[in-house]
Amino acid sequence: MIAKPQPPDLPSLAARLRAGDRAALARAITLVESRRADHQAQARELVQILLPSTGDAVRVGITGSPGVGKSTTIDALGMALIAGGHQVAVLAVDPSSTRTGGSILGDKTRMARLSAEHDAYIRPSPSAGTLGGVAAKTREAMLMCEAAGFDVVLVETVGIGQSETAVYDMTDFFLALMLPGAGDELQGIKKGLVELADMIAVNKADGDNLARAKAAAAEYRAALHILAPRSVHWSPPVMTYSALTGDGIIELWQKILAHRDAMTASGEFAARRREQQVKWMWAILEDQLKAGLRSDASIRAQVRQIEVAVAEGRTTPSMAAADLMRLLQASWHP
Ligand code: GDP
């Protein structure tokens with residue numbers, strides 16, 4: 001007879017994780033990312049056990065189009081932080097990983113130096129159904145990293161759909177990376193992004209690009225100037241830097257710390273974290289409700305029929321939503 005695999009001993013897994021054991025951290029994150037119901041229940045319990053050891057890291061979201069230099073920046077910033085005695089975790093939220101089953105974000109080969117460091121932990125984006133699912137799992141992975149002693153968590157994303165909002169909602173500081181462009185800079189700033197960014201940093205300010213980077217920064221500054229800042233205690237700065245040469249990387253970090261100090265002093269730091277907790281709860285609930293509607297083949301078939309009926313105008317969206325609620329209730333009490 002083949003022995004059934006034993007469920008992990010969660011208190012001992014938690015103890016090893018807290019001691020900084022990388023294998024325990026990887027195991028915990030695998031549990032968090034699993035779609036199996038028993039794994040999800042274990043992951044919930046693990047998060048609960050570890051919660052008191054979380055929350056102390058500096059959580060930074062980093063966004064930017066492909067090619068802007070996210071991985072080069074994270075590699076350079078991460079190395080500088082490690083040299084300063086920090087432990088750096090790199091996570092990713094990539095909604096396209098859901099479709100492709102893989103993610104280029106958080107890929108270790110993109111951060112060659114950092115990935116060789118013991119004090120760094122790099123994890124690609126989970127592929128978990130919906131953006132809400134991906135974000136929830138990344139958030140829990142972040143808590144695991146914090147419990148394992150990582151005091152800086154960098155979460156990268158590309159600006160697709162709502163992924164920037166999802167990363168903003170789990171970080172203390174949201175950094176938008178831009179390219180030195182030729183006159184088209186402002187098109188690159190989507191309105192929503194400017195509202196989220198705590199800082200804009202124009203990368204590749206080196207060699208022939210230096211003057212163009214400075215010009216782009218001036219344009220962004222002018223654009224930000226006409227917007228009312230989110231906080232009276234922080235006007236998002238616009239900087240130039242080079243991830244390649246490292247020029248300006250330390251200054252980026254200093255701004256992140258200055259923001260933290262200002263927000264902590266004004267009480268906004270704690271308020272943002274509190275709001276994030278509540279939003280997170282609703283995001284999980286939304287994801288679970290949708291998961292309930294995908295839970296078995298018969299429910300999926302009925303959902304599909306309802307969708308078709310709405311599309312063809314045979315029923316109204318509100319009638320259909322009521323039908324979906326009944327389906328959900330039936331799935332809870334079969
Ligand atoms: P990502 O797709 O946003 O992660 O961008 P990468 O970090 O992979 O960078 C894209 C390309 O830009 C690579 O060829 C990098 O070598 C280059 N690159 C990144 N940062 C800089 C920089 O500061 N200066 C210059 N000149 N090139 C850079």
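Note that the structure is a prediction, hence the values are computed from the model and not measured.

K.L.:
Help me understand the overall build of the chain in this model?
P.N.:
Assigned secondary structure in the chain consists of 15 helices and 7 strands. Scored against the burial criterion, the 334 residues of the chain give a buried share of 47%. Put simply, the chain shows about 16,600 Å² of open surface, and 58% of that area lies on carbon and sulfur atoms.

K.L.:
Help me out: how do you make sense of the sheet that holds strand β2 (residues 88-93) in this one?
P.N.:
One open sheet holds the 7 strands; their spatial order is β3-β2-β4-β1-β5-β6-β7, and the pairing between them is parallel. Whereas interior strands pair on both sides, the edge strands pair on one side only; in this sheet they are β3 (120-122) and β7 (238-240). For this sheet the average axis-to-axis angle between neighbouring strands, irrespective of direction, equals 25°. Inspection of the sheet shows strand β5 (residues 173-178) paired to strand β6 (residues 199-202) by 4 bridges, in the parallel sense. Bridge assignment links Leu 175 to a residue of β6, and that residue is Met 199.

K.L.:
Explain the site of the ligand to me, please; I cannot follow it from the model alone.
P.N.:
Around the ligand there are 15 residues in total, and Gly 67, Lys 70, Thr 72, Arg 110 and Asp 206 lie nearest to it. A distance of 2.6 Å separates a nitrogen atom of the ligand from a polar side-chain atom of Asp 206. One of the backbone N or O atoms of Ala 243 is found 2.9 Å from an oxygen atom in the ligand. Relative to its unbound accessible area of 580 Å², the ligand is 70% covered by the protein chains. Tallied by class, the residues present in the shell around the ligand amount to 4 nonpolar, 7 polar and 4 charged.

K.L.:
Explain the packing of helix α1 (residues 10-18) against helix α2 (residues 22-33) here, please?
P.N.:
A pair of packed helices is characterised by two quantities: the angle between their axes and the separation of those axes. Between α1 and α2, the shortest axis-to-axis distance is 8 Å and the interhelical angle comes to 125°. Considered as vectors, α1 and α2 are oriented oblique to each other. Crossing of α1 against α2: the hand is left-handed. Within the contact between the two elements, α1 uses Leu 10, Leu 13, Arg 16 and Leu 17 and α2 uses Ala 24, Leu 25, Arg 27, Ala 28 and Leu 31. Partitioned by chemical class, the residues of the contact of α1 with α2 number 7 nonpolar, no polar and 2 charged.

K.L.:
Explanation requested: the environment of Ser 115 in the structure shown.
P.N.:
Locating Ser 115 in the fold gives a position in helix α6 (residues 112-115). With 25 residues separating them in the primary sequence, Ser 115 and Val 90 have C-alpha atoms 9.7 Å apart. A polar side-chain atom of Ser 115 sits 3.1 Å from the main-chain carbonyl oxygen of Ala 112.

Thresholds, definitions, all that
- Every chain's residues receive numbers from 1 upward, in the order its sequence appears when written.
- Per-residue local features of the predicted model are confined to residues with pLDDT of at least 70, and side-chain atom pairs are confined, for both listing and counting, to 80 or more; whole-chain, interface and lining totals are unaffected and use all residues.
- Where side-chain values are given, they derive from all heavy atoms of the structure, hydrogens and water being excluded.
- Strands are runs of DSSP state E lasting at least 2 residues, helices are runs of H or I lasting at least 4, and numbering of each runs from the N terminus.
- Relative accessible area decides the class of each residue, using a 1.4 Å probe on protein chains only: under 20% of the type maximum gives buried, over 50% gives exposed, and in between gives partly exposed.
- To measure how exposed things are, a 1.4 Å probe is used in the Shrake-Rupley method; for residues, cover is taken only from the protein chains shown.
- Pairing between strands requires that DSSP locate at least two bridges from one strand to the other.
- Orientation is described by lines fitted to C-alpha atoms, with helices fitted over the stretch in contact, and by angles between N-to-C directions that extend from 0 to 180 degrees.
- Throughout this document, a residue counts as near a molecule or strand when at least one of its heavy atoms sits within 4 Å of that molecule or strand.
- Within 3.5 Å is the distance limit for a polar contact, defined as a pair of N or O atoms, with the added protein rule that one can donate a hydrogen and the other accept it, and that residues adjacent in sequence qualify only through two side-chain atoms.
- Classification used: nonpolar for Ala, Val, Leu, Ile, Met, Phe, Trp, Tyr, Cys and Pro, charged for Asp, Glu, Lys and Arg, polar for all others including Gly.
- Angular relationships are summarised with four words: roughly parallel below 35 degrees, roughly antiparallel beyond 145, roughly perpendicular across 65 to 115, and oblique for the angles in between.
- Left-handed describes a crossing in which the near helix is turned anticlockwise from the far one by less than a right angle; the clockwise case is right-handed.
- Working rule for contacts: check all heavy atoms of both residues, and any pair within 4.5 Å makes them a contact.

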